[in-house]
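Here's the letter readout for the chains.
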Amino acid sequence: MERTYPRLTVTKKAERALRDGHPWVYGDEVTFDPGGWADGDILDVCSQSGRWLGAGYGNAVSKLRVRLLSRNGNDRFDEAFYRRRVHYAVECRRQVMGADFSACRLVFGEADGLPGLTVDRYNDVLVTEVLCAGTDRVKGLLYRLLLEELEGAVTAVYERSDSPLRDKEGLPRFEGWAVGEAPGTTVISENGVRFAVDYIHGQKTGFFLDQSRNRAEVMRLAAGKSVLDCFTHTGAFAIHAALGGAARVTAADVSASALDTARENARLNGVDSIEFVQTDVFDLLTEMAAQKRREYDFIVLDPPAFTRSGATVKAAFRGYKEINLKAMRLLPRGGYLATCSCSHFMTDELFRSMLRQAAADAQVSLRQLYVGRQGPDHPILWGVPETDYLKFYIFQVV
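Trainee: So what about the overall build of the protein chain? Which residues, and what values?
Mentor: What the protein chain contains, in helices and strands, is 10 helices and 20 strands. Against the compact-globule benchmark of 21 Å for 398 residues, the protein chain has a radius of gyration of 23 Å, which places it among compact chains. On the principal axes, the C-alpha backbone points of the protein chain span a range of 70 × 45 × 35 Å. Counting every position in the protein chain, which comprises 398 residues, the buried fraction comes to 56%. The contacts in the protein chain between residues at least 6 apart in sequence include a share of 62% that link residues at least 24 apart. Summed over its atoms, the accessible surface of the protein chain is roughly 17100 Å², and 50% of this surface lies on carbon and sulfur atoms. If you average the places of the 50 positive and of the 52 negative side-chain charges in the protein chain, the two averages end up 6 Å apart.

If you want it as structure tokens, here you go:
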């Protein structure tokens, strides 16, 4: 059947990016637009020579004029198409997550060929976010297909599409039950460790699932160590360390409510040895450095994203360097440093450069023991740097 979608023509720069695997076309990369289409419609994207490059969701309001949905000219965007995409995404998690399949990211947007869609599973509830006008149109269908794919193991969908990014797509913000209803809280298991999740009021979708494999590594290395978990949030690294046999664990965070949740998570796991400290981590590290207090031989730095745009990368670089430099100075020779960044704007190259500078200023050498990324339920799509965001390293200070 012949295609009837409006055909946009794009610049050679956009053509190169699409052929290299990137799924976005920016508004200033469109050289011809026939008009007559609505936000969320499917558009064909063509090179200046008329070569078809793919089809995707159009949006005249957004900076992203087209989010590519398919590079297969035979695809028809019907229920069968979306069923295939959902099946591929869920089956991948079944394979890679094993025992943790009940608490993981089921859909990671463009990395799963479902633009602007995030789906996290917490036992029998899915928590979703939709940031694309085209996906917003078909989200009801996608939710039904996800529940069918999960064969009754999930009974409700809570949507948290309340991000300011919706404004940039010309979409109203929405938060509420999309399918069924549930209590709003649950207890999940990650690496055999239990965590309470408030998926209605918690940050993001309720829990940071992407560090699962990195937390397991910290647990493995923590035995006998004195551990300081900075930016502990809900205590995930601290509790993993305690259960891994750490001799002492201190968990620090500026948020009183986050620490309340962390204490509850510790109780869930029968851990009563963690010292929880409400403090600004920058102030804590500064004070410890000034007093030359070398109380810990394992420091974990898991800060929030210091930058969410290219314009603030330099400031973020300085912030990351400050906390890493102080941590390196506080660790004894042979001590361990686990450090990370969750911003894709802070590239791995920049992050490693920052670590090299911090080590030079601290007059230490770093022996790399472990390199991690986000877990396999947050797959990295090569050619799409936005999907490669979490950098995680464990070093020994020598």
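Trainee: Could you give an account of helix H10 (residues 348-362), with specific residues and numbers?
Mentor: With 15 residues, H10 ought to run about 21 Å at 1.5 Å a step, and its terminal C-alpha atoms sit 21 Å apart, in line with that. The set of residues buried in H10 consists of Phe-351, Met-354, Leu-355, Ala-358, Ala-359 and Ala-362. Along the axis of H10, the buried positions cluster into a sector of 130°, meaning they face one direction only. Away from its buried face, by an angle of more than 90 degrees, H10 presents the exposed residues Glu-349, Arg-356 and Ala-360. Lining the buried residues of H10 we find helix H9 (313-330), strand S18 (336-341), strand S19 (366-372) and strand S20 (391-397). Immediately downstream of H10, the backbone of Gln-363 shows phi near 60°, a positive value.

Trainee: Residues and numbers for empty space enclosed by the protein, please.
Mentor: If you walk through the whole model with that rule in mind, you get 1 cavity of 30 Å³ or more. What the largest cavity holds in volume is close to 40 Å³. What lines the largest cavity is Tyr-57, Gly-58, Asn-59, Ser-62, Leu-64, Arg-67, Cys-132, Ala-133, Gly-134 and Glu-169. Contributions of two or more residues to the lining of the largest cavity are made by strand S5 (52-58), strand S6 (64-70) and helix H3 (133-149). Tallied by class, the residues present in the lining of the largest cavity amount to 4 nonpolar, 4 polar and 2 charged.

Trainee: Which residues make up the side chain of Arg-105, and what values go with them?
Mentor: Relative to the elements of secondary structure, Arg-105 occurs in strand S7 (residues 103-108). Residue classification places Arg-105 among the buried residues on the basis of a relative accessible area of 15%. Beyond its immediate stretch of four places on either side in the chain, Arg-105 contacts Arg-93, Thr-118, Val-119, Asp-120, Leu-209, Asp-377 and His-378.

Trainee: With reference to specific residues and values, describe the side chain of Arg-67.
Mentor: Checked against the element boundaries, Arg-67 lands in strand S6. We classify Arg-67 as buried; its relative accessible area is 10%. Looking at Arg-67, its side chain comes within polar contact range of the side chain of Glu-110, at 3.1 Å. Separated by 3.2 Å, the side chain of Arg-67 and the backbone oxygen of Leu-131 make a polar contact.

Trainee: Requested: an account of the sheet that holds strand S4 (residues 42-46), with residues and values cited.
Mentor: Taken in spatial order, the 6 strands of this open sheet run S2-S6-S5-S4-S1-S3, and their pairing is mixed. Either end of the sheet is taken by a strand with one partner, and the two such strands are strand S2 (24-26) and strand S3 (30-32). Ignoring strand direction, the axes of neighbouring strands in this sheet form an average angle of 40°. Where S5 and S6 come together, 4 bridges link them in antiparallel fashion. Bridging from a neighbouring strand, Gly-58 pairs with Val-66 of S6. Running over the sheet, helix H2 (residues 79-97) touches S5 and S6 and is turned about 85° from S6.

Rules of the game
Residues numbered from 1 in each chain as written. Predicted model: local features only at pLDDT ≥ 70, side-chain atom pairs only at ≥ 80, totals over all residues. Heavy atoms only, no water. Helix = DSSP H or I, 4+ residues; strand = E, 2+ residues; numbered from the N terminus. Rg over C-alpha atoms; globule rule 2.2 N^0.38 Å. Buried < 20%, exposed > 50% of the residue type's maximum accessible area, 1.4 Å probe, protein only. Contact = heavy atoms within 4.5 Å. Areas by Shrake-Rupley, 256 points an atom, 1.4 Å probe, with all protein chains shown as cover. Lys, Arg positive; Asp, Glu negative; His and termini not counted. Charge placed at Lys NZ, Arg CZ, Asp CG, Glu CD. Expected span 1.5 Å × (residues − 1). Arc of directions from axis to C-beta. 1 Å grid on protein atoms, 1.4 Å probe; cavity = no way out; pocket = protein on both sides within 12 Å on 5 of 7 lines; lining within 4 Å. Points joined across faces, edges and corners; volume = space filled by probe spheres on them. Nonpolar A, V, L, I, M, F, W, Y, C, P; charged D, E, K, R; others polar. Polar contact = N/O pair within 3.5 Å; in protein donor to acceptor, adjacent residues only side chain to side chain. Pairing = 2+ DSSP bridges. Axes fitted to C-alpha atoms, helices over the stretch in contact; angles between N-to-C directions.

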